[in-house]
Amino acid sequence: MLEARQSSIDRFGCFTKVAFEPDAYIADYEGALISSEEAVRRESDPDREGVYTFWLDDERVIDGYENGNVLRFLNHSCAPNCTYEITGGRILIYSISAIAPGEELTIDYDYDPDTVLEPCLCGTEQCRGFINNLERE
Ligand SMILES: [Zn+2]
């Protein structure tokens, strides 16, 4: 249903082979449940290719690098077609709009504005220039 392949946003992206209606459940973002301390250590580990940590809250993180699924390749976009809901230690990915087969799935990473600014390459008209959400309170 989903596949990883080359993306214009980053090296790889998560693409759908099927269509989704708006507000449809797509899949869980899977991975190992780790602590925030462990996540910070892994995020700065130069031996890891890519960062796939998804923060549930200030203490718990799901790391898609370990036991993750294809959703670990979800790229950020400032005009995403997907969103997520965190509930009971799970991360559920939903469509926002109707999505056609072959489209890349994206979410808004909504990075904290007070962390290192990461330039955004989403290429949408709504691009805010950074993955960080500078509008965030
Ligand atoms: Zn952007």
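J.: When you look at the overall build of the protein chain in this model, what are you seeing that I'm missing?
T.: The helix and strand inventory of the protein chain stands at one helix and ten strands. What you see in the protein chain, going N to C, is helices and strands ordered as β-β-β-β-α-β-β-β-β-β-β. For the protein chain, the C-alpha radius of gyration of 14 Å lies close to 14 Å, the compact-globule estimate for 137 residues. When its C-alpha atoms are laid out on the principal axes, the protein chain stretches across 40 × 30 × 30 Å. Going through the 137 residues of the protein chain one by one, you find that 36% of them count as buried. For the protein chain, long-range pairs separated by at least 24 residues make up 60% of all intrachain contacts whose partners lie at least 6 apart in sequence. By element, 48% of the accessible surface of the protein chain is carried by carbon and sulfur atoms, the whole surface being about 8,000 Å². Of the side-chain charges in the protein chain, 11 are positive and 28 negative, and the distance between the mean point of each set is 6 Å.

J.: Which parts of the structure should I look at to understand the coordination of the zinc ion?
T.: Of the protein atoms, only C78 (SG), C120 (SG), C122 (SG) and C127 (SG) coordinate the zinc ion, at distances of 2.2 to 2.4 Å. Relative to the metal, the four donor atoms surrounding the zinc ion lie at angles of 105 to 114°, and the coordination shape comes out tetrahedral. Of note, the donors binding the zinc ion are all from one chain and are spaced C-x41-C-x1-C-x4-C. Placement of C78 in the loop between β7 (75–76) and β8 (82–87) and of C122 in the segment after β10 (104–107) is noted, with a sequence separation of 44 residues between them. The burial state of C78 is the same as that of C122; both residues are buried.

J.: Before we go on, may I ask you to explain the layout of surface pockets in this structure?
T.: Where empty space is left in the structure can be found by rolling a water-sized probe over the atoms. Put simply, the largest pocket is a space of about 1,200 Å³. Taken together, 35 residues make up the lining of the largest pocket; nearest its centre are V51, T53, Y109, Y111 and I131. Those elements that provide at least two residues to the lining of the largest pocket are β5 (53–55) and β7. Each residue belonging to the lining of the largest pocket can be placed in one class, and the counts come to 20 nonpolar, five polar and ten charged.

J.: Would you mind showing me how to read the nonpolar core here?
T.: With 20 residues, the main nonpolar core has Y29, L71 and L105 as its most contacted residues. Broken down by secondary-structure element, the contributors of at least two residues to this core are β3 (25–28), β9 (90–95) and β10. Excluding residues within four positions of it along the chain, L105 makes contact with L2, C14, T16, I26, L74, N75, N81, C82 and I99.

J.: What am I meant to see in the sheet that holds β7 here?
T.: Whether parallel or antiparallel, the strands of a sheet pair through hydrogen bonds between backbone atoms. With respect to topology, four strands assemble into an open sheet ordered β1-β2-β10-β7, the strand pairing being mixed. The open sheet has two edge strands, β1 (2–6) and β7, and neither has a second partner. With two bridges connecting them, β7 and β10 associate as parallel partners. Note on β10: the bridge partner recorded for H76 is I107.

Rules used in this analysis
- Residues numbered from 1 in each chain as written.
- Predicted model: local features only at pLDDT ≥ 70, side-chain atom pairs only at ≥ 80, totals over all residues.
- Heavy atoms only, no water.
- Helix = DSSP H or I, 4+ residues; strand = E, 2+ residues; numbered from the N terminus.
- Rg over C-alpha atoms; globule rule 2.2 N^0.38 Å.
- Buried < 20%, exposed > 50% of the residue type's maximum accessible area, 1.4 Å probe, protein only.
- Contact = heavy atoms within 4.5 Å.
- Areas by Shrake-Rupley, 256 points an atom, 1.4 Å probe, with all protein chains shown as cover.
- Lys, Arg positive; Asp, Glu negative; His and termini not counted.
- Charge placed at Lys NZ, Arg CZ, Asp CG, Glu CD.
- Donors = N, O, S within 2.8 Å, 3.2 Å for Na, K, Ca; no water.
- Tetrahedral: all angles 85-135°; square planar, octahedral: opposite > 155°, others 65-115°.
- 1 Å grid on protein atoms, 1.4 Å probe; cavity = no way out; pocket = protein on both sides within 12 Å on 5 of 7 lines; lining within 4 Å.
- Points joined across faces, edges and corners; volume = space filled by probe spheres on them.
- Nonpolar A, V, L, I, M, F, W, Y, C, P; charged D, E, K, R; others polar.
- Core = buried A, V, L, I, M, F, W, Y, C linked by side-chain atoms within 4.5 Å.
- Pairing = 2+ DSSP bridges.

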